[in-house]
Amino acid sequence: QVQLVQSGGGLVQAGGSLRLSCAGSGFFSSYRMGWFRQAPGKEREFVAHISLSGASTYYVDSVKGRFTISRDNAKNTVYLQMNSLKPEDTAVYYCAGTSRTITTQPREWPYWGQGTQVTVSS
């Protein structure tokens, strides 16, 4: 089992950058890690995930080229670097962990961070 604690986020102008962090405990390096987001009135959506070693990453099309997911297993931490932010990126962002193979479905990720607000002003 893994417990996840998020940090980062906040308010930024369009075109700006933010970095989210997610520190895990337990068998962190044994889990695929991901980031999801949920805007008001919308369903939680997949953003990015990263393999156990960090060698493989996958992104939703809307963030490709702007967001970068990475992990440091020595620090039990996964990151989401967000550049060129747009107002439509505004949402509560969640880190998540799963032992399943590649999946973008929230229901298949059993471990979740507490969520952090990202607001991008135009």
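Predicted model only: the values in this text are computed from it and were never measured.

The rules behind each value
- Each chain carries its own residue numbering, running from 1 in the direction its sequence is written.
- pLDDT decides what is reported in this predicted model: residues at 70 or higher carry local features, side-chain atom pairs at 80 or more are listed and counted, and totals for whole chains, interfaces and linings draw on all residues regardless.
- Hydrogens are left out, water is left out, and the side-chain values use all remaining heavy atoms of the structure.
- Pairing of aromatic side chains requires ring centres within 6.5 Å, counting the rings of Phe and Tyr and the six-membered ring of Trp. Pairs whose planes differ by under 30 degrees are stacked, by over 60 edge-to-face, and all others tilted.
- Counting from the N terminus, the helices are DSSP H or I runs at least four residues long and the strands are E runs at least two residues long.
- Accessible area is worked out with a 1.4 Å probe on protein chains only. A residue is then buried under 20% of its type maximum, exposed over 50%, and partly exposed in between.
- Pairs of N or O atoms within 3.5 Å make up the polar contacts considered here, provided that, within protein, one atom can donate a hydrogen while the other can accept it, and that residues adjacent in sequence are counted only when both atoms are side-chain atoms.
- The disulfide criterion used throughout: a pair of cysteine sulfur atoms within 2.5 Å.
- To qualify as a nonpolar core, a set must consist of buried Ala, Val, Leu, Ile, Met, Phe, Trp, Tyr and Cys residues joined through side-chain atoms within 4.5 Å.
- Only strands joined by at least two bridges in the DSSP assignment are considered to pair.

1. Focus on the packing of aromatic side chains
Then step 1. Summed over the entire model, instances satisfying the criterion amount to six aromatic pairs.
Then step 2. Ring geometry for Y31 and Y111: centres 5.3 Å apart, planes at 90 degrees, overall edge-to-face. Linking Y31 in the loop between β3 (18–26) and β4 (32–38) with Y111 in strand β10 (residues 111–112), this pair joins segments that are 80 residues apart in sequence. For the pair Y31 and Y111, one class covers both residues: buried.

2. Regarding the side chain of Q6
Then step 1. Its place among the elements puts Q6 in strand β1 (residues 2–8).
Then step 2. A distance of 2.9 Å separates a polar atom in the side chain of Q6 from the backbone oxygen of Y93.
Then step 3. Among the polar contacts listed, one links the side chain of Q6 to the backbone nitrogen of C95, at a separation of 3.1 Å.

3. Structural notes on the state of the cysteines
Formally, a disulfide is one covalent bond, and it connects the sulfur atom of one cysteine to the sulfur atom of another.
Then step 1. According to the stated counting rule, one finds one disulfide in the structure shown.
Then step 2. The disulfide partner of C22 is C95, and the gap between their sulfur atoms is 2.0 Å. Residues C22 and C95 are joined through a disulfide that is right-handed, its torsion about the S-S bond being 55 degrees. Of the two residues, C22 is situated in strand β3 and C95 in strand β9 (residues 91–98); the sequence distance between them amounts to 73 residues. The pair formed by C22 and C95 is uniform in burial state, with each residue classed as buried.

4. Concerning the nonpolar core
Then step 1. W35, L80, M82 and Y93 are the most contacted members of the largest nonpolar core, which has 28 residues in total.
Then step 2. Going through the elements one at a time, β1, β3, β4, β5 (45–50), β7 (67–72), β8 (77–82), β9 and β11 (116–121) are the ones with two or more residues in this core.

5. Quick look at the pairing of β5
Then step 1. Taken across its six residues, β5 has five buried, putting it largely inside the fold.
Then step 2. Bridging between β4 and β5 involves five bridges; their strand directions are antiparallel. Bridge pairing links G34 to H49 in β5.
Then step 3. In sequence, β4 turns back onto β5 through a hairpin of six residues, with G41 there showing a positive phi of about 75 degrees.
Then step 4. In this structure, β5 lies alongside strand β6 (residues 57–59), joined through three bridges in antiparallel fashion. What sits directly across from A48, in β6, is Y59.
Then step 5. What sits between β5 and β6 in their antiparallel hairpin is a turn of six residues, with G54 showing a positive phi close to 90 degrees.

6. Focus: the pairing of β9
Two faces make up the sheet, and in a regular strand the side chains alternate between them.
Then step 1. The buried count for β9 comes to seven of eight residues, which makes it a mostly enclosed element.
Then step 2. Note: β4 against β9, seven bridges, orientation antiparallel. Bridge pairing in β9 places R32 opposite T98.
Then step 3. In the sheet, β9 pairs with β11 via three bridges, with the strands oriented antiparallel. Paired with Y93 across the bridge in β11 is T116.

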